[in-house]
Amino acid sequence: MLWIRGIGVNRSRRDGREPITCSSRQPSILGPVAPITWIVMSRDVSHAVRVADQPVVVAALILDVDTGLIRGLSVAEDVRDALAQAVESALNKPAGSLPPGRPQRILAAVGLGDLVAAKLGRRPGLNLIPPVDEIVPGAEAEDIFDSFVGSMAGRRQPTDPPSPAHWKVLFDQVQTYAEAAPWQRWADDIDFVVDVAVDGELRRVKAVVMGNAGIQPGLALFPGEVVEADLEHRDPAAPWPYDSETLACTLDNPDDVPVEVRARAIRYGWPETAHLVPTFFGVDEEGGRDFSTADARLFAVVTAAVLSHDRRNRRPSPKPRTPTEGHVAIPESRSARYSVLHQKRSG
């Protein structure tokens, strides 16, 4: 486990995951992983980080391929300075428990190969620059960079972020939800009471379809005992009343969300031309936070349950009928089953 300014990145091979993957235009880098291999990435993070008298802020990140841990990171006014500082850190003072060491291979994001080689060429004691291949970083590497940027932007990060497989299932379910537009049929004074069983662990939540009353479309999950909000009589102009243990997905204008939020959606199959893009967040005793693995898994199952119930009740009745039951495939789980029934909120 490595903590970076509030980021909990757990990507070691001890948790059963494979080393970070990447896609490449060159087959030569698909061979066995060298003893120390870097992935070098860079982004313009000006939207997330503000520095006085510095309109542009660039972040450089160096990951250890074998463990997924961060070896070096830096922010600077341009990519050359950011890379120089990140390389210095990766060589001599890697973050966390990683020992110092020179890489035997470097996988640099497209456009960074020559810059990284130039920086290493200026390092004293490096008589031989290791092979530098340009690659397209894989989803997991991009997700780690997303967590770093999210933390700098003030979004609390989970210690167990979703894997690419979990993100893919979640985005697929929410894309189907956005296309189905259930808010056109279900008012926000209707609770979907959902019982979820994942690998034998039982959980009850109440889901509310947002959007029917003119508010922002989306889906919110509340603790199963009670929905802690009078949604029927709330002021539409007031902030949405999220309480502890709430999970939510809002469907936003792509221009209104952080760059990395839209990029992640597209990375996992969201249409680039879509008029709405999902933003996920949870709420606990400390406030808002990004989704964890458990959050992504639960939200995917509940979204599937709401969609299944919506298909079965195209003309919603105020009186509950028989529950809708089904199951959904979830990564790293033997089974995920649900039972859902809708009811009008008393009030």
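Residues numbered from 1 in each chain as written. Predicted model: local features only at pLDDT ≥ 70, side-chain atom pairs only at ≥ 80, totals over all residues. Heavy atoms only, no water.

The full count for this structure, using the stated rule, is eleven aromatic pairs. An aromatic cluster of three or more residues is present, and its members are W167, F171, Y268, W270, F280, F291 and F299. (Phe/Tyr/Trp six-rings, centres within 6.5 Å; stacked < 30°, edge-to-face > 60°.)

The subject of this paragraph is empty space enclosed by the protein. Scanning the entire structure with this criterion turns up two cavities of 30 Å³ or more. The volume enclosed by the second largest cavity comes to roughly 30 Å³. Every residue along the wall of the second largest cavity is listed here: P254, R262, I266, W270, P271, E272, A274, L276 and V277. (1 Å grid on protein atoms, 1.4 Å probe; cavity = no way out; pocket = protein on both sides within 12 Å on 5 of 7 lines; lining within 4 Å. Points joined across faces, edges and corners; volume = space filled by probe spheres on them.)

Considering every residue of the protein chain, the mean pLDDT works out to 84; 82% of them sit at 70 or more. Element-level pLDDT for the protein chain is lowest in strand 1 (residues 2–4), with a mean of 32, against a maximum mean of 98 in helix 4 (residues 164–180). (pLDDT = per-residue confidence, 0-100. Helix = DSSP H or I, 4+ residues; strand = E, 2+ residues; numbered from the N terminus.)

As a further point, take the nonpolar core. If you look at the biggest cluster of nonpolar residues, it comprises 46 residues, and the most contacted ones within it are L170, F192, V194, L221, F299 and V302. Counting residues per element, this core draws most heavily on helix 6 (residues 293–312), which supplies ten residues. The residues contacting L170, other than those within four sequence positions of it, are F280, F291, A296, F299 and A300. In this structure, W38, A60, L91 and L112 belong to the second largest nonpolar core, which totals 20 residues. (Core = buried A, V, L, I, M, F, W, Y, C linked by side-chain atoms within 4.5 Å. Buried < 20%, exposed > 50% of the residue type's maximum accessible area, 1.4 Å probe, protein only. Contact = heavy atoms within 4.5 Å.)

Backbone geometry places A181, a non-glycine residue, at a positive phi of 50°. The topology assignment puts A181 in the loop between helix 4 and strand 9 (190–198). Among the residues examined, A181 registers a relative accessible area of 9% and is labelled buried. For D199, which is not a glycine, the phi torsion comes out positive at approximately 50°. Topologically, D199 is positioned in the loop between strand 9 and strand 10 (201–210). Here D199 falls in the partly exposed class, since its relative accessible area comes to 28%.

If you trace the eight strands from one edge of the open sheet to the other, you get 14-13-12-11-10-9-16-15, paired in antiparallel fashion. Here the strands that pair on one side only, and so sit at the sheet edges, are strand 14 (287–289) and strand 15 (324–327). On average, each strand axis in the sheet is inclined to that of its neighbour by 30°, with strand direction left out of account. Across four bridges, strand 15 lies against strand 16 (residues 336–344) in antiparallel orientation. Within strand 16, the residue paired with H327 across the bridge is R337. (Pairing = 2+ DSSP bridges. Axes fitted to C-alpha atoms, helices over the stretch in contact; angles between N-to-C directions.)

This next bit is on helix 4. Structurally, the α-helix is built with 3.6 residues per turn, so residues lying three or four positions apart point the same way. Between the first and last C-alpha of helix 4 there are 24 Å, a value that for 17 residues agrees with the 24 Å anticipated at 1.5 Å per step. Taken as a whole, helix 4 has its buried residues at H166, W167, V169, L170, F171, Q173, V174, Q175, Y177 and A178. (Expected span 1.5 Å × (residues − 1).)

To continue, consider the packing of helix 4 against helix 6. Packed helix pairs are characterised by how far apart their axes lie and by the angle those axes make with each other. Viewed as axis vectors pointing N to C, helix 4 and helix 6 meet at an angle of 30°, and their least axial separation amounts to 9 Å. Put simply, helix 4 runs roughly parallel to helix 6. Both helix 4 and helix 6 take part in a crossing whose hand is left-handed. Contacts between helix 4 and helix 6 involve H166, V169, L170, Q173, V174, T176, Y177 and A180 from the former and T293, A296, R297, F299, A300, T303, A304, V306 and L307 from the latter. Within the contact of helix 4 with helix 6, the residues separate by chemical class into eleven nonpolar, five polar and one charged. (Parallel < 35°, antiparallel > 145°, perpendicular 65-115°, else oblique. Left-handed = near helix turned anticlockwise from the far one by under 90°. Nonpolar A, V, L, I, M, F, W, Y, C, P; charged D, E, K, R; others polar.)

This brings us to the environment of N253. If you trace the backbone, N253 turns up in the loop between strand 12 (247–252) and helix 5 (259–267). Separated by 23 residues in sequence, N253 and L276 place their C-alpha atoms 5.1 Å apart. Those residues within four positions of N253 in sequence are excluded, and the remaining contacts are H275, L276 and V277. A polar atom in the side chain of N253 sits 2.8 Å from the backbone nitrogen of D255. (Polar contact = N/O pair within 3.5 Å; in protein donor to acceptor, adjacent residues only side chain to side chain.)

Quick look at the pattern of salt bridges now. For side chains bearing opposite charge, pairing can occur when the charged atoms are close. Tallied over the entire structure, the rule returns 18 salt bridges. Across the salt bridge formed by R155 and E260, the nearest N and O atoms sit 3.1 Å from each other. On the criterion of sequence distance, the pair formed by R155 in the loop between helix 3 (139–152) and helix 4 and E260 in helix 5 is long-range, its members being 105 residues apart. Residues D290 and R155 are paired through a salt bridge, measuring 3.6 Å at the closest nitrogen-oxygen approach. (Salt bridge = Lys/Arg side-chain N within 4 Å of Asp/Glu carboxyl O.)

As a further point, take the packing of helix 1 (residues 79–92) against helix 2 (residues 113–121). Following both chains from N to C, one finds helix 1 and helix 2 inclined at 55°, their axes separated by 10 Å at the closest point. The angle between helix 1 and helix 2 falls in the class oblique. Handedness of the helix 1/helix 2 crossing: right-handed. Here V79, R80, L83, A84, V87 and L91 of helix 1 lie close against helix 2, whose contacting residues are L115, V116, K119 and L120.

As paired strands, strand 9 and strand 10 are joined by seven bridges and run antiparallel to one another. Residue F192 lies in a different strand from strand 10, and its bridge partner there is A207. Between strand 9 and strand 10, which pair antiparallel one after the other, the connecting turn spans two residues, and D199 there sits at a positive phi close to 50°. Bridge count for strand 10 against strand 11 (residues 218–223) is six bridges, and the pairing is antiparallel. Paired with A207 across the strands is L221, a residue of strand 11.

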